[in-house]
Amino acid sequence: MGYNGRRMSGSRSRSRRSEAAVMIQTLERVLLFPVLLLYLELVLHVYMKTSLAYAPVYIVFSLAAGLFLSALTLAWPPKVNSIISKVLAVLLSVIYAVELIAKTILQSYYGPSALKVAAGNRLTDYSDVIVSTVLHSIPILLVLLLPSVLICLFGNDFPGFERFDIRFAAIVLGACVLCHVLGIGVTLLPWKGDVTPAWLYKVDTNVDDQVEQLGLLTMLRLDVKHMIIPVKNTMGSDFSGIDILTPPGGSSSSASSGSSSQTADPTPVTDTSPNVMDVDLAALAENGANDDIKWLAGYFNSVAPTKKNEYTGMFEGYNVIEVVIEGFSGYAIDPELTPTLYKLTHEGFVFNNYYTALHYTSTSNGECQTLLGLYPKNGNPITMKRTGEVTFQKDGQTVGYNAYLTLPQQLKRAGYSVLGYHANSEMYGRALSHSNLGYDWHQFQVGNLKSSSRGTLSEFEGLEVSDSGKLLWPQRDTHMIEASVDDYINSDQPFHVYYLTISGHMPYSNNRVVAPYRETVRALPYSETTQNYVATVMEVDRALELLIQKLEAAGKLEKTLIVATGDHIPYFNVDTLEELSGQTFGSSEAMEHLDESSIDFDVYKNALILWSASMEEPVIVDKPCCQVDILPTVSNLLGLEYDSRMLAGSDILSDSEGLVVFTSNSWMTDRGFYNRYTQTFTPAEGTSMTAQEQESYVSAMKKLVGYKLNATPLIVEHNFYDVVFGNS
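> Hey, could you run me through the environment of Ile244 in this one?
Mapped onto the fold, Ile244 is located in the loop between helix 10 (216–228) and strand 1 (255–257). We classify Ile244 as buried; its relative accessible area is 18%. Considering only alpha carbons, one finds Ile244 and Met701, 457 residues apart in sequence, at a separation of 7.4 Å. Among residues more than four places away in sequence, those in contact with Ile244 are Glu657, Arg671, Tyr697, Ala700 and Met701.

> I would appreciate a short explanation of helix 9 (residues 207–214) in the present structure.
Structural remark: α-helix, 3.6 residues per turn; residues separated by three or four positions point the same way. Within helix 9, 7 of the 8 residues are buried, which leaves the element mostly enclosed by the surrounding structure. Val207, Asp209, Gln210, Val211, Glu212, Gln213 and Leu214 are the residues of helix 9 that are buried. Once helix 9 ends, the next one or two residues include Gly215, with phi positive near 105°.

> Would you mind showing me how to read the pairing of strand 6 (residues 397–400) here?
Looking along a regular strand, one sees the side chains alternate between the two faces of the sheet. Here strand 5 (residues 391–394) runs beside strand 6; their pairing, made up of 4 bridges, is antiparallel. Note on strand 6: the bridge partner recorded for Lys394 is Gln397. Turn length for the strand 5-strand 6 hairpin, with the two strands adjacent in sequence and antiparallel, is 2 residues, and the turn residue Asp395 shows positive phi of about 50°.

> I keep staring at the nonpolar core and nothing clicks. Help me out?
Generally speaking, soluble globular proteins have nonpolar side chains that are buried together. Tyr299, Phe349, Tyr488, Tyr604, Phe720 and Tyr721 are the most contacted members of the largest nonpolar core, which totals 197 residues. Not counting chain neighbours up to four residues away, the residues in contact with Phe720 comprise Leu281, Leu284, Ile293, Leu296, Ala297, Phe300, Met646 and Ile715. By size, the runner-up hydrophobic cluster in this structure holds 12 residues, among which are Leu74, Phe164, Phe168 and Val172.

> Just to check I follow, could you spell out the packing of aromatic side chains for this structure?
Each aromatic ring pair is characterised by the separation of its centres together with the angle its planes make. For the structure on display, the rule yields 35 aromatic pairs. Each ring, one from Phe349 and one from Phe351, has its centre 6.3 Å from the other, and the planes form 20°; the classification is stacked. Judged by relative accessible area, which is 6%, Phe351 ranks as buried. Where Tyr421 meets Tyr499, the ring centres are 5.4 Å apart and the plane angle is 25°; that geometry is what we call stacked. You can see Tyr421 sitting in strand 7 (residues 417–422) and its partner Tyr499 sitting in strand 10 (residues 495–500), a full 78 residues away along the chain. Looking at Tyr421, the relative accessible area reads 0%, which means it is buried. An aromatic cluster is defined as three or more aromatic residues linked by ring pairs; in this entry it consists of Phe239, Trp295, Tyr299, Phe300, Tyr707, Phe720 and Tyr721. Its end group placed over the ring of Phe61, Arg221 keeps NZ or CZ at 5.7 Å from the ring centre. Positioned over the ring face of Tyr404 is Arg413, at 3.7 Å from the centre of the ring.

> Quick question: what am I supposed to make of the packing of helix 3 (residues 78–106) against helix 5 (residues 127–136) here?
Any two packed helices are characterised by the angle at which their axes cross and by the distance between the axes. At a closest axis distance of 10 Å, the pairing of helix 3 and helix 5 adopts a crossing angle of 125°. By the criterion of interaxial angle, the relationship of helix 3 to helix 5 is oblique. Note on packing geometry: the crossing formed by helix 3 with helix 5 is right-handed. Residues Ile101, Thr104 and Ile105 of helix 3 form the contact with helix 5, whose own contacting residues are Val129, Ile130, Thr133 and Val134. Of the residues assigned to the contact of helix 3 with helix 5, the class counts are 5 nonpolar, 2 polar and no charged.

What counts as what
- Every chain begins its residue count from 1, and numbering advances along the sequence as written.
- Given that the model is predicted, a residue must reach a pLDDT of at least 70 before its local features are reported, and side-chain atom pairs must reach 80 or more before they are shown or counted; all residues, however, enter totals for whole chains, interfaces and linings.
- No hydrogens and no water enter the side-chain calculation; it runs on all heavy atoms of the structure.
- Secondary structure elements are taken from DSSP: a helix is a run of H or I of four residues or more, a strand is a run of E of two residues or more, and numbering for both begins at the N terminus.
- With a 1.4 Å probe rolled over the protein chains alone, any residue whose accessible area is under 20% of its type maximum counts as buried; one over 50% counts as exposed, and the rest are partly exposed.
- Between two residues, a contact is recorded if the distance between any of their heavy atoms is within 4.5 Å.
- Two strands form a pair only when DSSP identifies at least two bridges running between them.
- Among buried residues, those of type Ala, Val, Leu, Ile, Met, Phe, Trp, Tyr and Cys that are joined through side-chain atoms within 4.5 Å constitute a nonpolar core.
- Working definition: a ring pair exists when centres of Phe, Tyr or Trp rings (six-membered ring for Trp) sit within 6.5 Å. Plane angles under 30 degrees give stacked, over 60 give edge-to-face, the rest tilted.
- Charge-over-ring contacts are defined here by two conditions on Lys NZ or Arg CZ: a distance within 6 Å of the ring centre and an angle within 35 degrees of the ring normal.
- Helix axes use the C-alpha atoms of the stretch in contact, all axes being lines fitted to C-alpha atoms, and the angles between their N-to-C directions lie in the range 0 to 180 degrees.
- For classification purposes, angles smaller than 35 degrees are called roughly parallel, those larger than 145 roughly antiparallel, those between 65 and 115 roughly perpendicular, and all remaining angles oblique.
- Here a crossing is taken to be left-handed if its near helix is turned anticlockwise relative to the far helix by less than a right angle, and right-handed if that turn runs clockwise.
- Classes in brief: Ala, Val, Leu, Ile, Met, Phe, Trp, Tyr, Cys and Pro nonpolar; Asp, Glu, Lys and Arg charged; the others, Gly included, polar.

These figures capture arrangement, not role.
As structure tokens, this is what we get:
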């Protein structure tokens, strides 16, 4: 009789069962977890509508992981085998179910490295969405949980949990190793595309792509691995051609005055020197403390700086109020319903091709781009949160991340009072990250939260609370302005104030923010959800109106620059944007899953406000631009000294070419749009390029985009700006 792995002695070796039956049951036990994992992976991939072309990769990795788990449940007494098998089966099914819900609500799969973030966030803010999503997802959740339920109910009979010889468990582990090696081999096949399984297996970014191409369980395993063994920089050091955004001898600037009657004064000479600082990046690239610092210095030294221009210093010495608007889309702006938003977007700088592309972690990603001028890491740790957590040893002291080029730090050095407000409790570690930027940061219930030594942390007094002291949800943005404006409006110091709004937070239900506008919006020819969304935008409009009134009354309006952008679009409600715009963008489901392969990228088109009452006429800008461009653009408008090479964004008003990068690694410039999924470049209207020129351009741009996306974690983890600028 052949070896079947069972522990046998004496009469037990003379089993009445046929050898075939014994072998079948042995296979059932061995294949229990491989089959379960294959089932869960295929169900997830089919439901999430990801490409099945990569099935060979996650099938082999599922076999390896499944054999490992099966080996753990073979060599114990039957009762122990039964308990371990059932617990593992339920745990696996629950993990896949929870990840599916997380992806649907929060746009991202969450690995172990993100558990601290999830635990620290107020999930009660999402309670309505969580409940509705779970209820809507009951059928697929049942499909995911079904195998574990069957194993718990009938597993003792089929496949049974008899004890196997430990040597047999070792054989199964050997098969696990072989399958794992085979899986790595499959990743190394010549897969087509810019993002391949082999590349994804080596990085700790692109979580969605990892799940699609490697499988959910492999993504989770790699996340744990990278928590212990950080990934290495594999980007290479070929920086040739990445100065492509500044065409030699030409200008791609598309800013123009809104009036043709004004004649230019020929006397003034515009300073067009580069916006750089006196730092020796070449020397740092040679002598940096480690390879990553050398790489960053070499990269930034190869980037073409943007030039000063006619708008440099236009608002020098002005107060600056910056607003990041929760869940905002410019498609909701209406001259009658939102007159203040309409005024600010049409009478200041008018950006016709501004995009708020979704990147990792919704609101936090929008803040990262707007405040840091950098693209967030497409994975954990979350960039904005990490800037408040990471510490370094310097001169015998523990110091935090130095966000030297951010607006609050630049303006604080210039003598400004710097304050920030968010009418909510702690989320995404803002107490640390935003005080580390230099803000006197105000939020609800600071309690025992820690702040950075670079700023302060204060209780946001005067918010709307219940009789029991609980913060009413959602807070009204008008009340946020009312409760904070007296902190700075009469200051003799110039001030920079940052607001992160909350009224536009999903879900767009018939809530307390909608109430004052309910009668107006119910007359609109939209669904109730869209009507409610319009009401939240009307609330932001009234908040900005109130702010302007307060500034005017204090005599500060003429000398104040107002900057405002959305953190992200209302991605849960693409149908709402389609109603408002009259266009078709794709499904909300695709947006919820951050699946950019099947959407119209114009869904991200938005409104950027750069406005001052001192402007005599609008300035029209047609260049493609996005949130990372806000910091360098405002820095130039204020006449601040900054180094344009060391930010991911560019001064929109300079002669550099515009660039918008999407989370999928697709991108848009003045010269056209590149779709990562189809690997095709579509030249912009009026752009003429030979095939060779196009190939060269796309190749250089893909390299530059990769550097921009992947430089951020290196900057943060090595405190690069502190290395370059120190405490100067």
